[in-house]
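Fold and contact review
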Amino acid sequence: MYRATTKGVQVTVTPRFAPERSDPERSQYFWAYTIEIINLGVDTVQLKSRHWVITDALGRVQEVRGAGVVGEQPVLPPGGHFEYTSGVPLPTSTGIMEGRYSLETATGETFEAEVPAFSLDVPGEARTLN
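This text gives an overview of the structure that appears in the document. Just so you know, these numbers come straight off a predicted model, no measurement behind them. (Residues numbered from 1 in each chain as written. Predicted model: local features only at pLDDT ≥ 70, side-chain atom pairs only at ≥ 80, totals over all residues. Heavy atoms only, no water.)

Of all 11 residues in strand β3 (residues 29-39), nine are buried; the element is thus mostly enclosed. The pairing of strand β2 (residues 9-17) with β3 spans nine bridges and is antiparallel. Looking at β3, one finds that Pro15 is bridged to Tyr33. As defined by bridge partners, β3 adjoins strand β7 (residues 81-90) across 10 bridges and the pair is classed as antiparallel. Paired with Glu36 across the strands is Glu83, a residue of β7. (Buried < 20%, exposed > 50% of the residue type's maximum accessible area, 1.4 Å probe, protein only. Helix = DSSP H or I, 4+ residues; strand = E, 2+ residues; numbered from the N terminus. Pairing = 2+ DSSP bridges.)

This part is about the packing of aromatic side chains. What the rule picks out here adds up to eight aromatic pairs. A connected cluster of aromatic rings, assembled from ring pairs, spans Tyr2, Tyr33, Trp52, Tyr101 and Phe118. The positively charged end of Arg21 is found above the aromatic ring belonging to Phe30, 3.8 Å away from the centroid. (Phe/Tyr/Trp six-rings, centres within 6.5 Å; stacked < 30°, edge-to-face > 60°. Lys NZ or Arg CZ within 6 Å of the ring centre and 35° of its normal.)

Let us now look at the side chain of Ser22. Along the polypeptide, Ser22 turns up in the loop between β2 and β3. Polar side-chain contacts of Ser22 include one of 2.9 Å to the backbone oxygen of Ala18. Of note is the side chain of Ser22, whose polar atom sits 2.9 Å from the backbone nitrogen of Phe30. The residues contacting Ser22, other than those within four sequence positions of it, are Phe17, Gln28, Tyr29 and Phe30. (Polar contact = N/O pair within 3.5 Å; in protein donor to acceptor, adjacent residues only side chain to side chain. Contact = heavy atoms within 4.5 Å.)

Okay, the environment of Arg50 next. Looking at the element boundaries, Arg50 is found in strand β4 (residues 45-56). When the C-alpha atoms of Arg50 and Val64 are compared, they prove to be 7.8 Å apart, with 14 residues separating the residues in sequence. Not counting residues up to four positions away in its chain, the partners in contact with Arg50 are Val64, Arg65, Gly66, Ala67, Gly68, Val69, Arg100 and Tyr101. Of the polar contacts made by the side chain of Arg50, one reaches the backbone oxygen of Ala67; its length is 3.0 Å. Of note is the side chain of Arg50, whose polar atom sits 2.9 Å from the backbone oxygen of Gly68.

Geometric values such as these leave the question of function open.
Printed below as a string of structure tokens:
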């Protein structure tokens, strides 16, 4: 589990290798990750967009940007939380993923909440990033 808090917004990530969706003989590896976002602050916030940076074991980087998460732009009142599961494919058996969410308060202030860097590893394999 990986966790970061920015301006009262706590983001927790739990990645899991998905062998049932992977084919190592074809260099296809897949991870599912569950993210929980909790508003620990005093202002209502809405998640507007996401930005991911995904790096495989060979140092190749993909960036993904888009509106919301899993087709939603959740509104989190103080104490509110939102949880979702998504996934990421890689051509290598290890990698790392990190990012940020762009959020907006009810008064129109925008800020970015950090998604902590989390490792994508096949259980039992040595971790190598170039």
